[in-house]
Amino acid sequence: MLIEIKNAKKQYGSGESLVNALDDVNLSLEEGKVYVILGPSGSGKSTLLNMVGGLDVLTSGTIVVDGVDISKANKKEMTEYRRSKIGFVFQFYNLVPDLTALENIEVVSDISNKETNLNIDEIMKALEIDQLKDRFPRELSGGQQQRIAIARALVKNPKILLCDELTGALDTKSSRSVLEVIEKINKEYHTTIIIITHNEVIQGIADTIIRFKDGNVHSIVENENKIKAIDLEL
């Protein structure tokens, strides 16, 4: 397994204000699959994403990624983990407004491991944004900005791509286009992709559908009727 999560707990606050954001979560995720995690707000899915991404630490339990227990990593080791293993794509693109599309991607390339980086030109061409190199974020549509954000996450060739409501701010056409990009990434780079979303329809492209409720895994279903993004009824 690429990711092994065992007895994972994350608590915030104390006493009467104690919140169990994750409550004894156990989960195993395979390499090269697309996972869609569904659940209402406050169910724990965003907390789980932050833990796997190394943005926060567990109260107790373990998360082992690619054979390394990141729950025991120090600050320096966690920084290297995020840099080398993880790519993030969020609902809001977080592009630097005064940098061009190309420069927004190059920023990540400059601070990551040069030996493992993918070719920026190839990525932009694969995502059909190579003609946007010299444009600034304000000159791009939401879908185009999200593709730039995906390219920025991909340039360091991460083993895991974490997507937090990546279509939440997009219209139907742009959403479908971005999800087609996700399919292409999974197929061409064998990247493990974890998508958290409120949009039930997106589960159609998943290999495995995971539902969260009250800080824990409510159900895990292997998707026997996986469909292509182009066929989703968004």
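Per chain, residues are indexed from 1 in the order of the written sequence. With the structure being a predicted model, the display of local features is reserved for residues of pLDDT at least 70 and the display and counting of side-chain atom pairs for 80 or more, all residues being used for whole-chain, interface and lining totals. In computing side-chain values, all of the structure's heavy atoms are included and hydrogens and water are not.

J.: I'd like a rundown of the overall build of the protein chain, residues and numbers included.
T.: Per the secondary structure count, the protein chain includes six helices and 10 strands. Values of the radius of gyration come from C-alpha atoms, whereas the globule rule sets the reference at 2.2 Å times the count of residues to the power 0.38. Relative to a compact globule of 234 residues, whose C-alpha radius of gyration would be 17 Å, the protein chain shows 17 Å and is just as compact. Expressed along its principal axes, the backbone C-alpha trace of the protein chain runs to roughly 55 × 40 × 35 Å. When each of the 234 residues of the protein chain is scored for burial, the buried share is 47%. In this analysis, two residues are considered to be in contact whenever any of their non-hydrogen atoms come within 4.5 Å of each other. By sequence separation, contacts in the protein chain at least 24 residues apart represent 71% of the contacts at least 6 residues apart. For the protein chain, the computed accessible surface area is about 11,600 Å², with 47% contributed by carbon and sulfur atoms. For this count, His and the chain ends are skipped, Lys and Arg are scored as positive, and Asp and Glu as negative. In plain terms, the charge of a residue is placed at NZ if it is Lys, CZ if Arg, CG if Asp and CD if Glu. Charge centroids of the protein chain, computed over 28 positive and 35 negative side chains, lie 2 Å from each other. Numbering of helices and strands runs from the N terminus, with a helix taken as a DSSP run of H or I at least four residues long and a strand as a DSSP run of E at least two residues long. Each residue gets one of three labels from its accessible area relative to the maximum for its type: buried under 20%, exposed over 50%, partly exposed in between, using a 1.4 Å probe on protein chains only. Accessible surface area values rest on a Shrake-Rupley calculation with a 1.4 Å probe, where residue burial reflects the displayed protein chains alone.

J.: Outline the nonpolar core, supporting the account with residue identities and numerical values.
T.: Proteins that are soluble and globular tend to have nonpolar side chains buried together. Grouped together as the largest cluster of nonpolar side chains are 42 residues, with contacts concentrated most on Ile150, Ile182 and Ile195. Mapped onto this core, the elements with two or more residues apiece are β3 (34–38), α3 (101–111), α4 (120–126), α5 (142–154), β7 (160–164), α6 (172–189) and β8 (192–197). Counting residues per element, this core draws most heavily on α5, which supplies six residues. Filtering out sequence-adjacent residues up to four positions away, isoleucine 150 remains in contact with Val89, Leu127, Val178, Val181, Ile182 and Ile185. If you look at the next biggest cluster of nonpolar residues, it comprises 28 residues, including Leu22, Ile70, Met78 and Phe212. Here, nonpolar core refers to any group of buried Ala, Val, Leu, Ile, Met, Phe, Trp, Tyr and Cys residues whose side-chain atoms link them within 4.5 Å.

J.: Could you give an account of the sheet that holds strand β5 (residues 68–69), with specific residues and numbers?
T.: An order of β2-β1-β4-β5 is seen for the four strands of this open sheet, with the pairing classed as antiparallel. Strands at the two margins of the open sheet, each flanked by one partner only, are β2 (19–29) and β5. A strand pair is defined by DSSP finding two or more bridges across the two strands. When strand β1 (residues 3–12) meets β2, the two strands line up antiparallel, connected through eight bridges. Directly across from lysine 9, in β2, lies its bridge partner aspartate 23. Orientation is described by axes fitted as lines to C-alpha atoms, over the contacting stretch for helices, and by angles from 0 to 180 degrees between their N-to-C directions. Running over the sheet, helix α1 (residues 45–52) touches β1, β2 and β4 (60–65) and is turned about 120° from β1.

J.: Can you lay out the side chain of asparagine 104 for me, pointing to particular residues and giving the numbers?
T.: On the secondary structure map, asparagine 104 appears in helix α3. Since its relative accessible area comes to 2%, asparagine 104 is described here as buried. Here a polar contact is taken to be a pair of N or O atoms separated by no more than 3.5 Å, where protein atoms must pair a possible hydrogen donor with a possible acceptor and residues adjacent in sequence count only if both atoms sit in side chains. Of the polar contacts made by the side chain of asparagine 104, one reaches the backbone oxygen of leucine 99; its length is 3.1 Å. Setting aside anything within four residues of it in sequence, one finds asparagine 104 in contact with Leu95, Val96, Leu99, Pro137, Ile148 and Arg152.

J.: Outline α5, supporting the account with residue identities and numerical values.
T.: Taking 1.5 Å per residue, 13 residues should reach 18 Å; α5 reaches 18 Å between its end C-alpha atoms and fits that length. Buried residues dominate α5, accounting for 11 of its 13 residues. Turning to α5, its buried residues are Gly143, Gln145, Gln146, Arg147, Ile148, Ala149, Ile150, Ala151, Arg152, Ala153 and Leu154. By definition here, a helix of n residues has an expected span of 1.5 Å times n minus one.

J.: Could you give me a rundown of the packing of α5 against α6, with the residues and numbers involved?
T.: It is the contact of α5 with α6, at a shortest axis distance of 9 Å, that shows an interaxial angle of 20°. The angle between the axes of α5 and α6 places the two elements in the roughly parallel class. When you trace α5 past α6, the crossing you get is right-handed. Between α5, through Gly143, Gln146, Arg147, Ile150 and Leu154, and α6, the contact on the second element is made entirely by Ser174, Ser177, Val178, Val181, Ile182, Ile185 and Tyr189. These descriptions rest on fixed angle ranges, namely under 35 degrees for roughly parallel, over 145 for roughly antiparallel, 65 to 115 for roughly perpendicular, and the rest for oblique. Note on convention: near helix rotated counterclockwise from far helix by under a right angle means a left-handed crossing. Clockwise means right-handed.

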